[in-house]
Amino acid sequence: MQVVIAGSHGFIGSALVPHLRRGGHDVRVLVRGPAHGRDQISWDPAAGRLDPDDVAGADAVINLAGVNPGSRPLTTARKREVLSSRLNTTGLLSRTLATLDDGPQVLLQASGIGAYGSRGDDVLDEDEPIGTTFFANVVRHWEAATAPAQDAGVRVVHLRTGIVLGQGGGALGRLLPLIRLGVGGRLGSGRQFWPWITLLDHVRAVEHLLTASVEGPVNLVTASARNADVVAALARAYHRPAVVPVPAFALRAVLGDFSSEVLGSIRAVPAVLDASGFVPVHADLATAAEWVAHRD
């Protein structure tokens, strides 16, 4: 397929682009600034600038763009940036696709498993309503921004991504170095559910969804496990102890409002993904942790 990707330099995008190219797909990436070569397309989401002709020949668009909410304190200004960065990119792509009579018929749109808010031990599939937390409200507006494309008949999939287990970024970006040193441990009580998927299975799932007969929200997770079990599995894979817990108050002091994403409990299940026929390579937590550890 001919695929256009926004957000290609992030943690997931930097793995997805080579994965799709190895699979024989023709991938072009959206860049802010001048395009260099055929593989790049210039755009400016803040200014609402994207030439429809540049995406008209593609079969699908994958939008992973948006600032990382965990990279800086979530001040009021930062919260506005988190939301606007998602609405600007998603809205521009969606409106652009809606103008094309014979353009891409698939939009795989990044979203977040934080859509449901912290729900304790409740099992959450895609039929659950969106919650009321800051991140749930971000998801509500983010997914709604695809309406022009949906109304124009484009198949839109909302990729509600969970905790992505992999090297070099994502939710484990700060935790893995501590585990490798043998000073990692559960976060808070450790009883909160973390919905996880390996980076490899995430990019495989995205490729699968390019052609699967699926639309609407998809929980992009393999399973959910308690935080203490995730940390313990990773520690075992690195042959390290996991005995230094991080108290909730310390996480709140360091991460501010983003601590709710770490301490909240989201027991999400991949109901739609499973029904579509996707089979993960890393189907259990021990196998996933071993894969992460051996990526070093």
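Thresholds, definitions, all that
Residues numbered from 1 in each chain as written. Predicted model: local features only at pLDDT ≥ 70, side-chain atom pairs only at ≥ 80, totals over all residues. Heavy atoms only, no water. Pairing = 2+ DSSP bridges. Helix = DSSP H or I, 4+ residues; strand = E, 2+ residues; numbered from the N terminus. Axes fitted to C-alpha atoms, helices over the stretch in contact; angles between N-to-C directions. Contact = heavy atoms within 4.5 Å. Core = buried A, V, L, I, M, F, W, Y, C linked by side-chain atoms within 4.5 Å. Buried < 20%, exposed > 50% of the residue type's maximum accessible area, 1.4 Å probe, protein only. Parallel < 35°, antiparallel > 145°, perpendicular 65-115°, else oblique. Left-handed = near helix turned anticlockwise from the far one by under 90°. Nonpolar A, V, L, I, M, F, W, Y, C, P; charged D, E, K, R; others polar.

(A) Here's a closer look at the sheet that holds strand β9 (residues 193-198). The strand order β8-β9-β11 describes an open sheet built from three strands, whose pairing is mixed. Each edge of the open sheet is held by one strand with a lone partner, namely β8 (163-165) and β11 (223-226). Ignoring strand direction, the axes of neighbouring strands in this sheet form an average angle of 45°. For β8 and β9, the ladder comprises three bridges, and the chain directions are parallel. Looking at the pairing, Leu165 lines up with Thr198 of β9. Of the strands in this sheet, β8 and β9 are in contact with helix α7 (residues 199-209), which crosses β9 at around 70°.

(B) Structural view of the nonpolar core. Among the nonpolar cores identified, the biggest contains 67 residues, and Ile62, Leu108 and Leu209 are the most heavily contacted of them. Sequence-distant contacts of Leu209, defined by excluding residues within four places in its chain, comprise Leu108, Arg155, Val157, Leu159, Val214, Val218, Leu220 and Leu273. By size, the runner-up hydrophobic cluster in this structure holds 18 residues, among which are Ala6, Trp43, Leu92 and Leu107.

(C) The arrangement of the packing of helix α3 (residues 76-99) against helix α4 (residues 134-144) in detail. Look at α3 against α4: their axes get within 10 Å of each other, and the N-to-C directions meet at 20°. Relative to α4, α3 is oriented roughly parallel. Relative to α4, the crossing made by α3 is right-handed. Residues Lys79, Val82, Leu83, Arg86, Leu87 and Thr90 of α3 form the contact with α4, whose own contacting residues are Phe134, Val138, His141 and Trp142. Here the contact of α3 with α4 is built from residues that sort into six nonpolar, two polar and two charged.

(D) Up close: the environment of Leu220. When you line up the elements, Leu220 lands in strand β10 (residues 216-220). Residue Leu220 is classed as buried on the basis of its relative accessible area, which comes to 0%. Residues Leu220 and Ser259 lie 39 residues apart in sequence; the distance between their C-alpha atoms is 21 Å. Setting aside residues up to four positions removed in sequence, Leu220 forms contacts with Leu159, Arg160, Thr161, Gly162, Ile197, His202, Ala205, Val206, Leu209 and Leu273.

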